[in-house]
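The residues making up each chain are set out below.
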Amino acid sequence: MNLISILFSSLLFLTSCSSDDNKNQEEVREQEEEQIQEKNNTNPMASIISVSSSGNTENYTFNVGISSPDTGCKQYANWWEVITEDGNTLIYRRILGHSHVNEQPFVRSGGAVSITENQVVIVRAHMNTSGYGTTVFRGSVSTGFTKDTVTIDFANNLARQQPLPKNCLF
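Keep in mind it's a predicted model, so treat the numbers as computed, not measured. (Residues numbered from 1 in each chain as written. Predicted model: local features only at pLDDT ≥ 70, side-chain atom pairs only at ≥ 80, totals over all residues. Heavy atoms only, no water.)

What about the side chain of Arg 108?
Here is the rule we go by: Put simply, DSSP H or I for four residues or longer makes a helix, DSSP E for two residues or longer makes a strand, and each gets a number counted from the N terminus. Two residues form a contact once any of their heavy atoms are found within 4.5 Å.
Relative to the assigned elements, Arg 108 resides in strand β5 (residues 106-113). Setting aside anything within four residues of it in sequence, one finds Arg 108 in contact with Phe 62, Asn 63, Val 64, Trp 80, Arg 94, Leu 96, His 100 and Glu 103.

Some points on the pattern of salt bridges
Applicable threshold: We define a salt bridge as a side-chain nitrogen of Lys or Arg found within 4 Å of a carboxyl oxygen belonging to Asp or Glu. Relative accessibility decides the category of a residue: with a 1.4 Å probe and only protein chains considered, values under 20% of the type maximum give buried, values over 50% give exposed, and everything between is partly exposed.
For the structure shown, the criterion picks out five salt bridges. Between Glu 81 and Arg 124 there is a salt bridge, with the nearest N and O atoms lying 2.8 Å from each other. Separated by 43 residues along the polypeptide, Glu 81 in strand β3 (residues 77-84) and Arg 124 in strand β6 (residues 121-127) bring together distant segments of the chain. Neither residue differs from the other here; Glu 81 and Arg 124 are each classed as buried. Across the pair Arg 138 and Glu 85 runs a salt bridge whose closest N-O atoms are separated by 3.4 Å.

So, unusual backbone geometry
The omega angle of the peptide bond from Gln 104 to Pro 105 is -15°, so this bond is cis rather than trans. Tracing the backbone through its elements, the reader meets Pro 105 in the loop between β4 (90-95) and β5. Residue Pro 163 is reached from Gln 162 by a cis peptide bond, and omega for that bond is 0°. On the secondary structure map, Pro 163 appears in the segment after β9 (144-149). In this model, Glu 58 sits at a positive phi of 65°, which is unusual for a non-glycine residue. Accessibility expressed as a relative area gives 40% for Glu 58, which makes it partly exposed. Despite not being glycine, Ala 155 shows a phi value in the positive range, around 50°. When you line up the elements, Ala 155 lands in the segment after β9. When its relative accessible area of 13% is taken as the criterion, Ala 155 is described as buried.

Distances and angles like these do not, on their own, reveal function.
Quick look at the structure:
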């Protein structure tokens, strides 16, 4: 091999190494940013992941799936609720009496939910530390419920309405 061939081969090798290094550095930077975002997440939220219902008009039972970043009584999903679509009225609230650290996601049933078959409602979850999540389910008993989102401040005034949890068991 002559000197030019050796230099050219070396240059190609260095270029490919540099490209790999840049790619690896970018991956490391993205991972570090994700970790920083997780550490800085001071507003962990509960999310509704499923809703089903059964029963009769004005007397429905809801089965609600929730995913929440529970850590114990200091941070847990403390209720789920059914509200009117406009957010003005609390129709039903299911109090969750304890954290679900080792049971994620989880499903809890509640009722009697006093709505009609075609009434469109929103089902959402609440964390004791950060309030309502933005992932909700919207729909009716007749059409079913689908995932939706609301703003972080949607119908926050309902958080002060009874019934409210008294304490956390564990």
